[in-house]
Amino acid sequence: MKVVSVGAHPDDPELGMGGTIAKHTARGDNTEVILVTLGGVSGDPRQREEEAQKSSQILGVKKLHILDYPVSKLNKRSTELAKIIKKLVDEINPQRIYTHSPFDFHQVHTTVSNSVLNGAKDVNQILFYEYISSTTQYFIPDAYVDITSFIDLKIKSIKQHKSQLHRLYMRPNVVRSLANVRYIEAKLGSDPSGLAEAFVIQKMIL
Ligand SMILES: [Zn+2]
């Protein structure tokens, strides 16, 4: 299976679905990541690119696409970005795409989400991942992935983003706490320290 994860910033795919990416890799799926920006003012772009490369290697990402799209152009709906994403997605031809939820108060995340929906409308399966610091209460999960065996890879990949580690939501205990809640609420099993990532299905053609 070929899957693509789209993130607005370096570290978005890891935080939202790093365990799921590692699980896809372990299953032999071909996972590619598209990063729309290199983070704008939140760090040195070259450092952030390097961090993203290291993190992708840990998760077994087959190809990392860095669009380096200007953050300043993401303050409103972008048909230009949708076209760029469409061209790339048509080339990759994945069966499934994951991206930001439109239920997010970060403007750049919602613009990317809308651009993916617009640009990848021919893809059969589209899911939104959860982003701990900016997904809103309107994100109501209806799909879960058990990542109990993949949490170490997820946390290791997050730790590669050294320029962002001062942020509260990058802390391993915070990442584990959310994943533990998601595992319990999904009734995935009886392991008290079980962990899961949650998603909202936008489209699922089987
Ligand atoms: Zn982000």
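Residues numbered from 1 in each chain as written. Predicted model: local features only at pLDDT ≥ 70, side-chain atom pairs only at ≥ 80, totals over all residues. Heavy atoms only, no water.

Student: I keep staring at the overall build of the protein and nothing clicks. Help me out?
Tutor: Each helix and strand in the protein was counted, giving six helices and seven strands. Sequence-ordered secondary structure for the protein, helices as α and strands as β, is β-α-β-α-β-α-β-α-β-β-α-α-β. Over its C-alpha atoms the protein spans a radius of gyration of 16 Å, differing by no more than 12% from the 17 Å that the globule rule assigns to 206 residues. C-alpha extents for the protein along the principal axes are approximately 45 × 40 × 35 Å. For the protein, with 206 residues in total, the buried portion stands at 51%. Counting contacts in the protein only where the partners sit at least 6 residues apart, residues at least 24 apart contribute 78% of the total. Surface accessibility of the protein: about 9500 Å² in total, with carbon and sulfur atoms responsible for 53%. One finds the centroid of the 26 positive side-chain charges in the protein at a distance of 1 Å from the centroid of its 22 negative side-chain charges. (Helix = DSSP H or I, 4+ residues; strand = E, 2+ residues; numbered from the N terminus. Rg over C-alpha atoms; globule rule 2.2 N^0.38 Å. Buried < 20%, exposed > 50% of the residue type's maximum accessible area, 1.4 Å probe, protein only. Contact = heavy atoms within 4.5 Å. Areas by Shrake-Rupley, 256 points an atom, 1.4 Å probe, with all protein chains shown as cover. Lys, Arg positive; Asp, Glu negative; His and termini not counted. Charge placed at Lys NZ, Arg CZ, Asp CG, Glu CD.)

Student: Mind showing me how you'd approach the pattern of salt bridges here?
Tutor: One side chain can pair with another of opposite charge once the charged atoms of both are near each other. Applying the stated criterion to the full structure yields 12 salt bridges. E50 is paired through a salt bridge with K54; the nearest N and O atoms lie 3.9 Å apart. Taken together, the residues span about one helical turn, with E50 and K54 both in helix 2 (residues 45-59) at a distance of four residues. In this structure E50 comes out as partly exposed when scored by relative accessible area, which is 47%. Judged by relative accessible area, which is 41%, K54 ranks as partly exposed. Between K87 and E91 there is a salt bridge, with its nearest N and O atoms 3.5 Å apart. You can see K87 and its partner E91 sitting in helix 3 (residues 79-92), four residues apart, about one turn around the helix. The pair K87 / E91 is uniform in exposure class, with both members exposed. Look at the salt bridges and you will find they share partners, linking K86, D90 and D122 into a network. (Salt bridge = Lys/Arg side-chain N within 4 Å of Asp/Glu carboxyl O.)

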